[in-house]
Amino acid sequence: IAVDLKYLRDTTLDYVSVATLGSSVNNGLAGSLVIAVGNIQGYNDSVCYGMITSVGNVVTLADNQYKMLTTDIYASQSASGILLNTQGQVIGDTKNLLSAIGVSELKGMITKLSNAEDVPYIGIYAQDIASNVRTQQGLPQGAYVSDIDMDSPAMINGIQKGDIIVQVGSTQIHSATDYMNAVRGCTIEHDVEITILRASKDDYEQMMFTVQPKARN
């Protein structure tokens, strides 16, 4: 959400300060005190206090995966706002009742949007392959394509559910995080080569696809 500076008076800007982004990847977050600010109770400018009760859940979207911070704060079903630690740093963006999206995974997107850059979109839902599953089933290491958005650049160019991504451009892919980081580094409307392994009758066949990322809506 942005407000054009031409609509703000200098007297208003004097009261505006930049929020400091903290970290949502700290292993000690569970049990820590937090402050929720925004439209928490269904009306503007509300403030609530509580603690983080869980950091183990994730929200998976196309080309992205976000940590979900759960708190014991009672909030409206339509709550929105930010979650702060006791140092006043933003650690989450409230999404719904009692939870927030971790800010660490959002920093790359925030940087691009702050610089008026488009966020690249390919349309792949990627997940890690557990080491025991990889060993038992003889799967190669990479990011497993669990789903693909309809009519996305990935689907249009031939990438399929079940493929295993092993390289994006010049970046070797060993995990879903590797894939997501590689996509964040892509440029809109500039082709990128994605190398995958696809199961064949007796083995895996390596295939390469040229994909042109779109701007995320």
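What counts and what doesn't
Residues numbered from 1 in each chain as written. Predicted model: local features only at pLDDT ≥ 70, side-chain atom pairs only at ≥ 80, totals over all residues. Heavy atoms only, no water. Helix = DSSP H or I, 4+ residues; strand = E, 2+ residues; numbered from the N terminus. Buried < 20%, exposed > 50% of the residue type's maximum accessible area, 1.4 Å probe, protein only. Contact = heavy atoms within 4.5 Å. Areas by Shrake-Rupley, 256 points an atom, 1.4 Å probe, with all protein chains shown as cover. Lys, Arg positive; Asp, Glu negative; His and termini not counted. Charge placed at Lys NZ, Arg CZ, Asp CG, Glu CD. Core = buried A, V, L, I, M, F, W, Y, C linked by side-chain atoms within 4.5 Å. Pairing = 2+ DSSP bridges. Arc of directions from axis to C-beta. Patch = residues over 30% accessible without salt bridge, like charges linked within 9 Å, V, L, I, M, F, W, Y side chains within 5 Å. Salt bridge = Lys/Arg side-chain N within 4 Å of Asp/Glu carboxyl O.

1. A few points about the overall build of the chain
When its secondary structure is counted, the chain shows 5 helices and 14 strands. Taken along the three principal axes of its C-alpha coordinates, the chain extends 65 × 40 × 25 Å. Out of the 217 residues belonging to the chain, those deemed buried represent 38%. Sequence-distant contacts in the chain: of pairs separated by 6 or more residues, those separated by 24 or more amount to 54%. For the chain, the computed accessible surface area is about 12800 Å², with 49% contributed by carbon and sulfur atoms. A gap of 2 Å separates the mean positions of the 13 positive and 22 negative side-chain charges of the chain.

2. A look at the nonpolar core
Core analysis: the largest hydrophobic core is formed by 22 residues, its most contacted members being I122, I124, I159, I165, V168, Y179 and I194. Elements that contribute at least two residues to this core include exactly strand 8 (124-127), strand 9 (143-148), strand 10 (164-168), helix 5 (176-184), strand 12 (192-199) and strand 13 (204-211). Ranked by the residues each element gives to this core, the list is headed by helix 5, at 5 residues. Those residues in contact with I122 that lie beyond four places of it in its chain are D63, S152, P153, A154, Y179, V183, V192, I194, V211 and P213. Ranked by size, the runner-up nonpolar core spans 13 residues in total, among them A36, I40, C48 and I91.

3. A few points about the pairing of strand 9
Sheet topology places strand 8 next to strand 9; 4 bridges connect them, and they run antiparallel. By the bridge assignment, I124 is partnered in strand 9 with I148.

4. Remarks on unusual backbone geometry
Phi at D63 is positive, roughly 70 degrees, even though this residue is not glycine. For D63, the position within the fold is in the loop between strand 2 (46-61) and strand 3 (64-71). Judged by its relative accessible area of 1%, D63 falls in the buried class. Positive phi, close to 65 degrees, is recorded for E189, a residue that is not glycine. On the secondary structure map, E189 appears in the loop between helix 5 and strand 12. Residue classification places E189 among the exposed positions, given a relative accessible area of 58%.

5. Brief notes about helix 5
Inspection of helix 5 places A176, Y179, M180, A182 and V183 among the buried residues, and these make up the whole buried set. Along the long axis of helix 5, the arc covered by the buried residues comes to 160 degrees, so they all point the same way.

6. Digging into a nonpolar patch on the surface
A contiguous nonpolar surface patch, about 270 Å² in accessible area, is contributed by L5, L13 and V16. For L13, the location among the structural elements is in helix 1 (residues 10-13). The class for L13 is partly exposed, based on a relative accessible area of 32%.

7. Quick word on the side chain of K112
Tracing the backbone through its elements, the reader meets K112 in helix 2 (residues 107-114). Beyond its immediate stretch of four places on either side in the chain, K112 contacts E117, D118, V119, P120, R184 and C186.

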